[in-house]
Amino acid sequence: MSVKQQSEGARKKWLLSVDGWAVLAAFVAALLIRAGVFKHIPW
Amino acid sequence: MADTIALPQVRPAQPSLQFLRVIPGVLLLAAVGYAGKLLEKNVGAYARAHHWTFPNIEYVLWAILIGLAISNTVGVPQIFRAGVATYEFWLKVGIVLLGARFLLGDVLKLGSVSLALVAIEIAVAIAFMTFLGRAFGLRPKLTTLLAVGSAVCGVSAIIATQGAIEADEEDSSFAIAAILALGALSLFTFPLIGHWLHLSDHAYGLWAGLAVDNTAEATAAGALYSDVAGKLAVLAKTTRNAMIGFVVLAYAIYWASQGQAKTIGNKAAFLWQKFPKFVLGFLLISVLATYQFFTKDQITALANLSRWAFLLTFAGVGLRTNFREMRKQGLRPFASDLIGEVVIAIFTLGLVAGAGKLFGF
């Protein structure tokens, strides 16, 4: 396995799919709201 | 589903560089979406102040129209494309956060109604699209892609199936173009038909979630009708999305048996790989809301954050829809899909009307 392939593999290991990132972002936002960091989100 | 015919897929780069590359496009999504919100507020107020008869156009439609105008006139410059393609990410963030507005009991009740309707819709849509594909003399794998796109969940289903059945890039471009063109059409026709038939918010939302193929367009078509219809459309569409793995697996097994695709080894792993993970996020947030992990004010904040995420999605729907590009893909797949979609829309409307009588909505 070349160095390039190894680094590609390593990157793929921690990179999430769009779904994974979306779920992570939504939960981080939900936890920040739960913790009171963002008290009011206007619309 | 970030890669569409109008906007090429983002090429892998260093994560930090990728992050920088999306910023201009995300800012464009925000600007278009916010302009839609401002227009909703100000155009209506201006028309009322001048005693004009002007329809109340919601921010959803304004955002889509502004996006369509940009995409189909000056086009989306290269610098914005990577960021505009993130509309799929914002859609999924919005759906997960929307889970906070559903109590688990509602999800289970409405979800089980949706699941029964989705199962019928998928069976009928696949059978009818396969028949149409043969009648129009389309290539068998193109017929499969159109059937999966119409039955399950639009572009993401087509992309998932393309890999599993080893279909040509050309076939998948045809199928994606047809699904996107009809998705754009449904944004304008579904709300009009819904109002004309005086459908309740529940009935319309279920119908949009069952009949509109792409998740972004189904969400927009629901939100164009009302807030409640938007919620129901997302729930029905999410139920449909959850079926993607089973349908793709069935087609992969069929094409492998024909010697035209590789055999699936671990079927459970295949199902998990194809399962849309944002559905689990949506359910988990709903469980947390049901067990009062969030206060009432926090649920309002989460619901508003979900609306902001959807605002970026609606802007992206307009910006990535380029009718000139779609026309290049040819008429036959489009005509076949159009007939199929009309029949599926009428059939699902009947299904929803029947379910409405049975469950009282």
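Predicted, not measured: the structure shown is a model, and the values here were computed from it. (Residues numbered from 1 in each chain as written. Chains lettered and ligands numbered in written order. Predicted model: local features only at pLDDT ≥ 70, side-chain atom pairs only at ≥ 80, totals over all residues.)

Caption draft 1: Molecular detail of the overall build of chain B. Within chain B, the secondary structure is distributed over 16 helices and zero strands. A globule of 361 residues ought to have a C-alpha radius of gyration of about 21 Å, and chain B, at 20 Å, matches this closely. Burial analysis of chain B (361 residues in total) assigns 54% to the buried set. If you take every contact in chain B between residues at least 6 apart in sequence, the share linking residues at least 24 apart comes to 80%. (Helix = DSSP H or I, 4+ residues; strand = E, 2+ residues; numbered from the N terminus. Rg over C-alpha atoms; globule rule 2.2 N^0.38 Å. Buried ≥ 20, exposed ≤ 12 C-beta atoms within 10 Å, placed from the backbone. Contact = placed C-beta atoms within 7 Å.)

Caption draft 2: Representation of the overall build of chain A. Assigned secondary structure in chain A consists of two helices and zero strands. Scored against the burial criterion, the 43 residues of chain A give a buried share of 19%.

Caption draft 3: Broad picture of helix H4 (residues 87-98) of chain B. In this model H4 of chain B runs 16 Å from its N-terminal to its C-terminal C-alpha over 12 residues, within 8% of the 16 Å that 1.5 Å per residue would give. Counted residue by residue, H4 of chain B has 12 buried out of 12 residues, so it is predominantly covered. (Expected span 1.5 Å × (residues − 1).)

Caption draft 4: Up close: the interface of chain B and chain A. Contact with chain B, which involves 20 residues of that partner, is made by 18 residues of chain A. Secondary-structure elements contributing two or more residues to the side of chain B that touches chain A are H4, helix H13 (278-290) and helix H14 (296-319) of chain B. Along the lines of polarity and charge, the residues of the side of chain B that touches chain A split into 13 nonpolar, three polar and four charged. (Nonpolar A, V, L, I, M, F, W, Y, C, P; charged D, E, K, R; others polar.)

Caption draft 5: Seen up close, the confidence of the model for chain B. All names here are of chain B. Overall, the predicted model of chain B reaches an average pLDDT of 85, with 95% of residues at or above 70. Counted against residues more than four places away or in other chains, residues 1-10, with its pLDDT under 50, gives 35 contacts. Overall fold confidence for the complex sits at a pTM of 0.80, while the interface term, ipTM, reaches 0.78. (pLDDT = per-residue confidence, 0-100.)

Caption draft 6: Structural view of the confidence of the model for chain A. On average, residues of chain A score 77 in pLDDT, and 67% of them are at 70 or above. In the predicted structure, residues 1-7 of chain A sits below a pLDDT of 50 and forms one contact with residues beyond four places in sequence or in another chain.

Caption draft 7: Looking closely at the nonpolar core. Counting 126 residues, the largest nonpolar core has Ala63, Val96, Leu97, Val148, Trp207, Ala208 and Ala220 of chain B as its most contacted members. For this core, the leading source of residues is helix H6 (residues 140-165) of chain B, giving 15 residues. (Core = buried A, V, L, I, M, F, W, Y, C linked by C-beta atoms within 7 Å.)

Caption draft 8: The arrangement of unusual backbone geometry in detail. Residue and element names in this part refer to chain B. For Glu166, which is not glycine, the phi torsion reads 55° and is therefore positive. Topologically, Glu166 is positioned in the loop between H6 and helix H7 (169-196). According to the C-beta neighbour criterion, Glu166 is partly exposed, with 13 such atoms within 10 Å. For His198, which is not glycine, the phi torsion reads 55° and is therefore positive. Position of His198 among the secondary structure elements: in the loop between H7 and helix H8 (201-211).

Caption draft 9: Local environment of helix H10 (residues 227-242) of chain B. Here H10 of chain B is 16 residues long and its end C-alpha atoms lie 23 Å apart, about the 22 Å a rise of 1.5 Å per residue gives. With 14 of 16 residues buried, H10 of chain B is to be regarded as a mostly interior element.

Caption draft 10: Region of interest: the packing of helix H2 (residues 18-34) of chain A against H14 of chain B. Two elements in contact, H2 of chain A and H14 of chain B, have axes whose closest approach is 10 Å; the angle formed by their N-to-C orientations is 150°. Between H2 of chain A and H14 of chain B lies a crossing whose hand is right-handed. Counting all contacts with H2 of chain A, which are made through Ala29, Ala30, Ile33 and Arg34 of chain A, the residues of H14 of chain B involved are Gln298, Ala301, Leu302 and Leu305 of chain B. (Axes fitted to C-alpha atoms, helices over the stretch in contact; angles between N-to-C directions. Left-handed = near helix turned anticlockwise from the far one by under 90°.)

Caption draft 11: Main features of the environment of Arg240 of chain B. Residue and element names in this part refer to chain B. Topologically, Arg240 is positioned in helix H10. Since 29 C-beta atoms lie within 10 Å of it, Arg240 is described here as buried. Spatially, the C-alpha atom of Arg240 lies 8.4 Å from that of Ala119, the residues being 121 residues apart in sequence. Leaving out residues up to four positions away in the same chain, Arg240 has contacts with Val118, Val152, Cys153, Gly209 and Leu210.

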